[in-house]
Amino acid sequence: VQSEAGSYLILRLPQVAGITLNNTLLPMFIKNIYHEKHFEIYKDAPRSLIDVEHVVDIFDKIYSRGCSNKILNFYPGYSFQPIDLVEEISRFLGLKPKYNILEKYISYDYPSSDIQEEFNSYFTKQQVYLKEVVEKYTPKIINLINQNYK
């Protein structure tokens, strides 16, 4: 991008939550729980995610200040265990998930964030943010699932 574009702004992000059926954690867990399929969860595998609408908002604010020709790391100041996400989804759906926990430690060192301080208000508390994302996107992802299985 740097060699081809006259102006660019790249945000390096954690997993982005949105309306999709890709194989990232949120849609994958929703599909498995909704279809009552068995799946595996790593026990110690901290992750972070961000709502796609927050990505757009953050990008717009940074870009409107004239920031360009940069690559910026943006990682929220929190992480969660995948089991936390599974529990939020199952609570929301009222379904009991079928999973095995694998005793694997997978560490991911998120790079230090270049812009985190200014946008920490989005991520006041991990469980609240996770719950809000689950409640916002689970029904929309289930609609996509149902459309694809007709």
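Scroll up to find the structure.
All residue numbers refer to position in the chain's written sequence, counted from 1. In keeping with the model being predicted, local features are shown solely for residues with a pLDDT of at least 70 and side-chain atom pairs are shown and tallied solely at 80 or more, while totals for entire chains, interfaces and linings include all residues. For the side-chain quantities, the full set of heavy atoms in the structure was used; hydrogens and water were omitted.

1. Digging into the overall build of the protein chain
Along the backbone of the protein chain there are five helices and six strands. Here a helix means four or more residues in a row that DSSP labels H or I, a strand means two or more in a row labelled E, and each is numbered from the N terminus. Ordering the α and β elements of the protein chain from the N terminus gives β-β-α-β-β-α-β-α-β-α-α. Accessibility here uses a 1.4 Å probe with only protein chains present; expressed as a share of the type maximum, an area under 20% marks a residue as buried, one over 50% as exposed, and anything in between as partly exposed. A buried classification covers 38% of the 150 residues belonging to the protein chain. Carbon and sulfur atoms form 48% of the exposed surface of the protein chain, whose accessible area is close to 8600 Å². Note on areas: Shrake-Rupley with a 1.4 Å probe; residue coverage comes only from the protein chains shown.

2. What to know about a nonpolar patch on the surface
Put simply, a patch holds well-exposed residues, over 30% relative accessible area, that have no salt bridge, with like charges counted together within 9 Å and Val, Leu, Ile, Met, Phe, Trp or Tyr side chains within 5 Å. Whenever Lys or Arg places a side-chain nitrogen within 4 Å of a carboxyl oxygen from Asp or Glu, that contact is recorded as a salt bridge. On the surface, a cluster of nonpolar side chains totalling about 190 Å² of accessible area is made up of V16, V52 and V56. Along the polypeptide, V16 turns up in strand β2 (residues 15–17).

3. Here's the deal with the packing of aromatic side chains
One pair of aromatic rings is described through two measures. These are the centre distance and the angle between the planes. Classification of ring pairs uses Phe, Tyr and Trp, with its six-membered ring standing for Trp, and accepts pairs whose centres are within 6.5 Å; under 30 degrees between planes counts as stacked, over 60 as edge-to-face, and the remaining range as tilted. Here the structure, examined in full by the defined rule, presents three aromatic pairs. Both rings, one in F39 and one in Y99, keep their centres 6.0 Å apart while their planes meet at 40 degrees; by these two values the pair is tilted. Of this pair, F39 sits in strand β3 (residues 38–44) while Y99 is found in strand β6 (residues 98–105), placing the two residues 60 residues apart along the sequence. For F39, a relative accessible area of 6% gives the class buried.

4. Overview of the side chain of T138
Within the secondary structure, T138 sits in helix α5 (residues 126–148). What qualifies as a polar contact is a pair of N or O atoms within 3.5 Å, subject to a donor-acceptor requirement within protein and to the restriction that residues adjacent in sequence count only when both atoms come from side chains. A polar contact is formed between the side chain of T138 and the backbone oxygen of V134, at a distance of 2.7 Å. If we skip the residues at most four places from it in the chain, T138 touches I30, F92, L93 and V133. It only takes one pair of heavy atoms within 4.5 Å for two residues to be counted as in contact.

5. What to know about the pattern of salt bridges
Evaluated as defined, the whole model comprises seven salt bridges. The closest approach of N and O atoms between K43 and E103, which form a salt bridge, is 3.7 Å. Residue K43 is located in strand β3, and its partner E103 is located in strand β6; the two are separated by 60 residues in the primary sequence. You can call E103 exposed: its relative accessible area is 65%. With its nearest N and O atoms 3.3 Å apart, the salt bridge here joins D57 to K61. On the criterion of helical spacing, the pair formed by D57 and K61 is a turn pair, its members being four residues apart in helix α2 (residues 52–64). Of the residues examined, K61 reaches a relative accessible area of 35% and is grouped as partly exposed. Connected through salt bridges with shared partners, the residues E88, R91, K131 and E135 form a single ionic network.

6. Thoughts on α2
Residues three or four positions apart in an α-helix share a direction because the helix packs 3.6 residues into each turn. Between the first and last residue of a helix there are one fewer steps than residues, each counted as 1.5 Å, and that sum is the expected span. With 13 residues, α2 should cover 18 Å at 1.5 Å per step; its first-to-last C-alpha distance of 18 Å lies within 8% of that length. Among all positions in α2, only H54, V55, I58 and I62 are buried. For α2, the arc enclosing every buried residue in end-on projection is 105 degrees, short of the 170-degree limit, so these residues lie on one face. Here α2 starts with a cap whose side-chain oxygen sits 2.8 Å from the backbone nitrogen of E53, and that cap is D51. Following α2 by one or two positions, G66 adopts a phi angle in the positive range, close to 90 degrees. In this description, one arc is meant: the one made by directions from the helix axis to the C-beta atoms.

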